[in-house]
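Listed below are the residues making up each chain.
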Amino acid sequence: MIEFQEVSKVFSGAQERQVTAVDKVSLEVKSGETVCLIGTSGSGKTTCMKMVNRLIEPSSGTILVGGKNVQEQDPIRLRRQIGYVIQKAGLLPHLTVAGNIGLMCRLEGWDKKRIADRVDELLTLVNMPPDQYRTRYPLELSGGQQQRVGVARALALDPEYILMDEPFGALDPITRNGLHDEFLRLKEEVKKTIILVTHDLSEAFKLGDRVALLRAGKLVQVGTEGDFRDRPASQFVSDFVENHWGVEV
Amino acid sequence: MRRLLRLALCLLLTLPCLAQDTVKIGSKTFAESRILAEMMCQMLEAHTDVQVERRFGLSGTMVCFEAMTSGELDIYPEYTGTGAVTILELDGDFHDPLQTYLVVRKAFRDRYKLDWLMPFGFNNTYVMAVRGEYAKEHSLETVSDLKSVEKTIKVGVSHEVLNRPDGLPGLTKAYDLNFANARGMEHGLAYQAIASGEIDLIDAFSTDGELLRYKLKGLQDDRGFFPPYHAAPMVRMETLKKHPEIAPVLEKLGFRLNEETMQRLNYKVQEEKEPIPQVVAQFLSEEGLTKTAAPVKVTSDKDISFAQYLYKRRYKTWKLTIRHLYLAVMSLGLAILVGVPTGIAITRYSKVAQPVLGLTGVIQTIPSIALLAFMIPVPGLGLGVKSAIAALFLYALLPIIRNTYTGIREVAPGLLEAARGMGLTNLQLLTIVELPLASTTIMAGIRTSAVINIGVATLAAFIGAGGLGDPIVTGLQLNDTELILAGAIPAALLAIAVDQLLGVVEKLLAPKGIKNS
């Protein structure tokens, strides 16, 4: 379980101007649940997510992961318990597919055999035949393939939690649609607690068990697709759903 | 990495050390200075037991003088006029040779603990010279006569003379001349330039052999501007105390050389290309100063082809190349050991990045000769190899620091964030992500530095550090094109070879996944 308790983040901008990126957000992501954070750019969704693995430190409030305050944990240990997937995968171009996926295992001191087995297992899981792909370099892969490797890498240490920052953002619609289906299949298979940031409402509804809508740092509504359609919390929510719902992928 | 460091340290410690009890005799770059220095060496070798070390071809008065005061040199031939005006910066009239000598000797003894022994005898003062036919054409006899051509005459003087108060500035003031067209040039090149008509007026030394060869006319110094320049051995008083046998031996050379004799010796070396040791040995035995008549056969390099000449020099060239590489590689190694960590550090502390890059940039703008000269008074460096390595090291820093910094800064922020989010420590970020991705850029910086160092190392000869610059510097002074090429060609080939070699290394080291992008 990941729990946000009244979490705020204030950035000090130019000329001592204070910008509140996240404003007293409280949110509970249950074990095994996928919550999609959605909002326009600047709404604070990415900031929210990065405070979970302490890439950004909150100004106030508490975040609990598995019941433990993240502020009280060593950030390196914390991050190794939380898978992290970003837009365009962020694969290291000088390492092979196997090198990328097995990197954290290597740093954790696994022996070679165990790493190789784990890499093959994960490649199979994301539908990439290991014999064909493990020695390739990221630049030899398509965007969709890179993103699958990115997901496999995030799963390497079998973390209980996964953070995904617009993972399908930079892909063409057909690839994206394919990966969506694969994500849903994978979700059933690995049963992780996932926070996924997106600005695409249809994606959020499709992938998330629940959706959390942020506006100017404030959490506006949390709920299922049905909640958003039938019981919008405000005029803003219904307008947002109206405006962002046209584009079916 | 640690092994590399240890290796570098070992190499540093085994730098050709200066034995404690040698007497180090220096000379400036031009032939006469070398001849006089060689003469003193041979005299000491013939009549005393002291170990003599030759450190010839040092660039300019200040380099020699600094080397004397810091104990890097014990003896070198200097001129009274230079001592008075350039070093002591004395004002006033220096026309009487004896008085000048006495004033200079006293001041040097009091201020610098340096003594002047008995002069060699000749006065090698400056003389302004024009082509014979130019003098005829404009009826020039004296320096005063230059007034009539001051607007059109093209003046080319050595850099020292161009700027020194006892050089061109003083001369033009004393004679009320306003040259419209005056520039500085390497003394060795000035003769060719005046012979070809590129320039019309040069400064020369009254004992230069070239005055004869190029049929130049020396203009009479009718207002007595130039001070007397009597050459004499300048010796550290400490050395004289330690080796009391030195002074009497060197004073046997006192007043042995008049202008004509000196001009003849210079001519033999400069025009007939006789080796200096041979010219000196012959002279000393003729004068009865050494007992053993040197049975040297005059072998001139004039009659063989350039290819044969290079072949004959091959072992010498090989040794110089090794020394050259030693200078360049040692300094490059140190620059890598310091530059890469510095480059990394300033990506972490962005506030100091610009000052550090600025400072190393400023070092880069210091002329190489000046930087080499700055190193000599630094404790522990002195004259020779260590100073050269230090200067080359400073030159090599900028490209390495800058490329390390840029290479790391150019790593995509997304990659860094992904890696940090996965749980890499700062050190792992550096070694697993940043350095591999920056390696191509860093290698390019190292390659740039290597080529710069091979080039600048040729100047190390000016401070007696040897290398392929030795034949270049000597050749320039002796006006020996073949000798210049014997240094310049291997140096150029070396630079190309090193560049190509590092290009291959760069390719091999480039991370695979990036290579095909």
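Everything numeric here is computed off the predicted structure, so don't read it as measured data.

1. Overview of the overall build of chain B
- For chain B, the helix and strand inventory stands at 24 helices and 10 strands.
- Relative to its full complement of 517 residues, chain B shows a buried share of 54%.
- Taking the intrachain contacts of chain B between residues at least 6 apart in sequence as the baseline, contacts between residues at least 24 apart amount to 77%.

2. Some remarks on the sheet that holds strand 4 (residues 60-65) of chain A
Residue and element names in this part refer to chain A.
- The strand order across the open sheet built from 4 strands is 2-1-4-5, with neighbouring strands paired in antiparallel fashion. The sheet terminates laterally at strand 2 (18-29) and strand 5 (68-69), the two strands that pair on one side only.
- Sheet analysis places strand 1 (residues 2-12) next to strand 4, joined by 5 bridges and oriented antiparallel. Paired with Gln 5 across the bridge in strand 4 is Thr 62.

3. Here we look at the interface of chain A and chain B
- Counting residues at the interface gives 21 residues for chain A and 21 residues for chain B.
- Taking both partners together, chain A and chain B bury about 1,900 Å²; carbon and sulfur atoms supply 70% of that area.
- At the surface where chain A touches chain B, the tally comes to 1 salt bridge.
- The closest approach of N and O atoms between Lys50(A) and Glu417(B), which form a salt bridge, is 2.5 Å.
- Taken together, chain A and chain B are joined by 5 residue pairs in polar contact (both at pLDDT 80 or more).
- Put simply, the parts of the chain that give the side of chain A that touches chain B at least two residues each are helix 2 (75-80), strand 6 (82-86) and helix 3 (97-107) of chain A.
- Looking at the side of chain A that touches chain B residue by residue, the classes come out as 13 nonpolar, 3 polar and 5 charged.

4. So, the nonpolar core
Residues and elements named next belong to chain B.
- One finds Tyr 76, Phe 108, Met 234, Leu 327 and Leu 383 to be the most contacted residues of the largest nonpolar core, which totals 71 residues.
- Top contributing element to this core by residue count: helix 19 (residues 385-409), with 15 residues.
- With residues up to four places along the chain from it excluded, the contact list for Leu 327 reads Val 385, Ala 388, Ile 389, Leu 392, Ala 457, Ala 460, Ala 465 and Gly 466.
- Formed by 63 residues, the second largest nonpolar core is a distinct cluster that contains Ile 35, Val 50, Phe 120 and Met 128.

5. A look at the packing of aromatic side chains
- Under the criterion given, the structure shown has 15 aromatic pairs over all chains.
- The interplanar angle of 40 degrees and the centroid separation of 5.9 Å between the aromatic rings of Phe236(A) and Phe240(A) together place this pair among those described as tilted. Taken together, the residues span about one helical turn, with Phe236(A) and Phe240(A) both in helix 10 (residues 235-244) at a distance of 4 residues.
- Overall, Phe240(A) belongs to the buried group, its relative accessible area being 5%.
- Where Tyr191(B) meets Tyr214(B), the ring centres are 5.8 Å apart and the plane angle is 10 degrees; that geometry is what we call stacked. Taken together, the positions of Tyr191(B) in helix 9 (residues 187-195) and Tyr214(B) in the loop between helix 10 (210-213) and strand 9 (216-219) put the pair 23 residues apart, joining distant regions of the chain. Per residue, the accessibility class of Tyr191(B) equals that of Tyr214(B), and both read buried.
- An aromatic cluster of three or more residues is present, and its members are Phe30(B), Tyr79(B), Tyr126(B), Phe205(B), Phe225(B), Phe226(B) and Tyr229(B).

6. Details of the sheet that holds strand 6 of chain A
Residues and elements named next belong to chain A.
- Taken in spatial order, the 6 strands make up an open sheet running 6-7-8-3-9-10, and their pairing is mixed. Looking at the sheet topology across the chains shown, the edges are occupied by strand 6 and strand 10 (218-223). Averaged over all pairs of adjacent strands, the angle between their axes in this sheet comes to 15 degrees, without regard to strand direction.
- Packed onto the sheet, helix 6 (residues 143-155) meets strand 6 and strand 7 (161-165) and runs at close to 165 degrees relative to strand 6.
- Of the strands in this sheet, strand 3 (34-38), strand 9 (210-215) and strand 10 are in contact with helix 10, which crosses strand 9 at around 110 degrees.

7. A word on the pairing of strand 7 of chain A
All names here are of chain A.
- The buried count for strand 7 comes to 5 of 5 residues, which makes it a mostly enclosed element.
- Going residue by residue along strand 7, you find Tyr 161, Leu 163 and Asp 165 tucked away on one face and Ile 162 and Met 164 tucked away on the opposite face as well.
- Bridge analysis of strand 7 against strand 8 (residues 193-198) gives 5 bridges, and the strand direction is parallel. Within strand 8, the position partnered with Ile 162 by the bridge is Ile 194.
- Remark: the strand 7/helix 7 (residues 173-190)/strand 8 crossover connection has right-handed handedness.

8. Quick look at a nonpolar patch on the surface
Residues and elements named next belong to chain B.
- A surface patch of nonpolar side chains, about 340 Å² in accessible area, is lined by Leu 485, Ile 489, Leu 493 and Ile 496.
- Mapped onto the elements, Leu 493 comes out in helix 23 (residues 481-509).
- Judged by relative accessible area, Leu 493 falls into the exposed class, the value being 53%.

9. Topic: helix 9 of chain B
All names here are of chain B.
- Regarding helix 9, the residues found buried are His 187, Gly 188, Ala 190, Tyr 191, Ala 193 and Ile 194.
- Elements that come into contact with the buried residues of helix 9 comprise strand 5 (126-131), strand 8 (201-205), helix 10, strand 9 and helix 22 (469-478).
- Count one or two residues on from helix 9 and you reach Gly 197, which has phi positive near 85 degrees.

10. Structural notes on the packing of helix 6 of chain A against helix 7 of chain A
Residue and element names in this part refer to chain A.
- Taken N-terminus to C-terminus, the directions of helix 6 and helix 7 make an angle of 20 degrees; their axes are 10 Å apart at the nearest point. On the basis of their axis angle, the class for helix 6 and helix 7 is roughly parallel. Note that helix 6 runs across helix 7; the crossing there is right-handed. Between helix 6 and helix 7, the residues in contact are Gly 144, Gln 147, Arg 148, Val 151 and Leu 155 and Thr 175, Leu 179, Glu 182 and Leu 186, respectively.
- Grouping the amino acids of the contact of helix 6 with helix 7 by side-chain chemistry returns 4 nonpolar, 3 polar and 2 charged.

11. Thoughts on the pattern of salt bridges
- What the rule picks out here adds up to 39 salt bridges over all chains.
- The closest approach of N and O atoms between Glu182(A) and Arg148(A), which form a salt bridge, is 3.8 Å. Here Glu182(A), found in helix 7, pairs with Arg148(A), found in helix 6; they are 34 residues apart in sequence, far enough to count as distant.
- What makes Glu182(A) buried here is its relative accessible area of 14%.
- The exposure class of Arg148(A) is partly exposed, given its relative accessible area of 22%.
- Sharing partners across several salt bridges, the network here consists of Lys147(B), Glu150(B), Lys151(B) and Asp176(B).

Here is what the cut-offs are and how they apply
Residues numbered from 1 in each chain as written. Chains lettered and ligands numbered in written order. Predicted model: local features only at pLDDT ≥ 70, side-chain atom pairs only at ≥ 80, totals over all residues. Heavy atoms only, no water. Helix = DSSP H or I, 4+ residues; strand = E, 2+ residues; numbered from the N terminus. Buried < 20%, exposed > 50% of the residue type's maximum accessible area, 1.4 Å probe, protein only. Contact = heavy atoms within 4.5 Å. Pairing = 2+ DSSP bridges. Buried area = accessible area lost by both parts, 1.4 Å probe. Salt bridge = Lys/Arg side-chain N within 4 Å of Asp/Glu carboxyl O. Polar contact = N/O pair within 3.5 Å; in protein donor to acceptor, adjacent residues only side chain to side chain. Nonpolar A, V, L, I, M, F, W, Y, C, P; charged D, E, K, R; others polar. Core = buried A, V, L, I, M, F, W, Y, C linked by side-chain atoms within 4.5 Å. Phe/Tyr/Trp six-rings, centres within 6.5 Å; stacked < 30°, edge-to-face > 60°. Axes fitted to C-alpha atoms, helices over the stretch in contact; angles between N-to-C directions. Right-handed = clockwise from strand over helix to strand, strands pointing away. Patch = residues over 30% accessible without salt bridge, like charges linked within 9 Å, V, L, I, M, F, W, Y side chains within 5 Å. Areas by Shrake-Rupley, 256 points an atom, 1.4 Å probe, with all protein chains shown as cover. Parallel < 35°, antiparallel > 145°, perpendicular 65-115°, else oblique. Left-handed = near helix turned anticlockwise from the far one by under 90°.

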